[in-house]
Amino acid sequence: MPRKLPPLTALPAFDAAARYLSFSKAANELNVTHGAISRAIRNIEDRLGVRLFDRGTRSVRLTSVGVAYATQVGKALDQIAAATIAAAPDRSTGILNVSTSDGFAGRWLVPRLHRFHRANTDIDVRLSTSGVLADFVSDGIDIAIRYGKGGYTGVTAEFLADEEVFPVCSPELLQGEHPLRRPEDLRHHKLIHDAFRIDWAAWLEHAGVSDVDPKRGVRFDSATFAVEAAVHGEGVLLGRSALVSADLAAGRLVRPFDAALKSAARYYVVYPEGALRQRKIRAFRDWLFAEVAADWIGEKKAD
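Description of the structure in this document. (Residues numbered from 1 in each chain as written. Predicted model: local features only at pLDDT ≥ 70, side-chain atom pairs only at ≥ 80, totals over all residues. Heavy atoms only, no water.)

Here we come to the overall build of the protein chain. Across its full length, the protein chain holds nine helices and twelve strands. For 303 residues, the compact-globule estimate of 2.2 N^0.38 gives 19 Å, and the C-alpha radius of gyration of the protein chain, at 25 Å, exceeds that figure by more than 25%. In terms of overall dimensions, the protein chain has a C-alpha envelope of 80 × 50 × 30 Å along the principal axes. For the protein chain, the proportion of its 303 residues judged to be buried stands at 43%. Partitioning the contacts of the protein chain with sequence separation of at least 6, the portion at a separation of at least 24 is 74%. For the protein chain, the accessible area works out to roughly 16,600 Å², and carbon and sulfur atoms hold 51% of it. If the 40 positive side-chain charges of the protein chain are averaged to one point and the 37 negative ones to another, these points end up 7 Å apart. (Helix = DSSP H or I, 4+ residues; strand = E, 2+ residues; numbered from the N terminus. Rg over C-alpha atoms; globule rule 2.2 N^0.38 Å. Buried < 20%, exposed > 50% of the residue type's maximum accessible area, 1.4 Å probe, protein only. Contact = heavy atoms within 4.5 Å. Areas by Shrake-Rupley, 256 points an atom, 1.4 Å probe, with all protein chains shown as cover. Lys, Arg positive; Asp, Glu negative; His and termini not counted. Charge placed at Lys NZ, Arg CZ, Asp CG, Glu CD.)

The next subject is a negative patch on the surface. On the surface, a cluster of negative charge is contributed by Asp-78, Asp-135, Asp-139 and Glu-273. Tracing the backbone shows Asp-135 in the loop between strand S4 (124–128) and strand S5 (143–148). (Patch = residues over 30% accessible without salt bridge, like charges linked within 9 Å, V, L, I, M, F, W, Y side chains within 5 Å. Salt bridge = Lys/Arg side-chain N within 4 Å of Asp/Glu carboxyl O.)

Turning to the nonpolar core, a few remarks are in order. Core analysis: the biggest nonpolar cluster contains 26 residues, and Phe-104, Leu-109, Phe-116, Ile-145, Leu-160, Phe-284 and Leu-288 have the highest contact counts within it. Per element, the largest residue contribution to this core is six residues, and it comes from helix H9 (residues 279–302). Ignoring anything within four residues of it in the chain, the contact list for Leu-109 reads Thr-100, Phe-104, Leu-127, Phe-284, Trp-287 and Leu-288. Judged by nonpolar contacts, the second largest core, of 21 residues, contains Ala-18, Phe-23, Ala-26 and Ala-27. (Core = buried A, V, L, I, M, F, W, Y, C linked by side-chain atoms within 4.5 Å.)

Dropping the structure here:
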């Protein structure tokens, strides 16, 4: 018995309009006219016999039926996109497109990447470090490392690592006129800030320190630059465990105190459903988990 389906070519138009609540923005995304979006949605409504949008003079909003329909259509299109990626031939086998944040790429991934290339000489990694979540279909991304609270829909997301935040500094600051021995000694040193959600005020409160101004010091928008400043003795950084692990292991940074705060966000390896059928994606995914496991073992030995 044939499936009862709407006009399939119209579904991407409806999905985009439902996400943006704008026919114009949907038209821009799909590179078609406003009229083409309107006609596609009207075609679906005529086939279903119900209204999916309430149309105002300058705005549109989903009806209750439209909300429910948009949820299911979005999931179905995500599944079709993932199945298409998984079923497609493994073109450009030697190129793996990876998306992650600038900080994670610069401070964790790149210092280790030579080990992946040494073990996989036929795969060339291409890094994309924009701050926007990658679209695996339109952006051509094969696999991503995302930092957040999870709940990513339409993809496979595997927990990779937790994140802790703690002070780090150059070994030079453990000596001199005001050596860092207790958290209270921070009043003699410059604090380094970045844009991370856990700040010095939170850590100082956790450590029971009240006589250090948490707002003073130098500030960077980039976590990469903040770490570099700490390495060069500019001051004390509230470092993120993943972003300072390589510098700690190399002795360029040290932890003057044990107190740490755990972030609610975590690192996830994210890829389209079924993507592990491609060897290059599976190899990179397995290597990421092996590297994290090696970091954890190294930390235990150091303790």
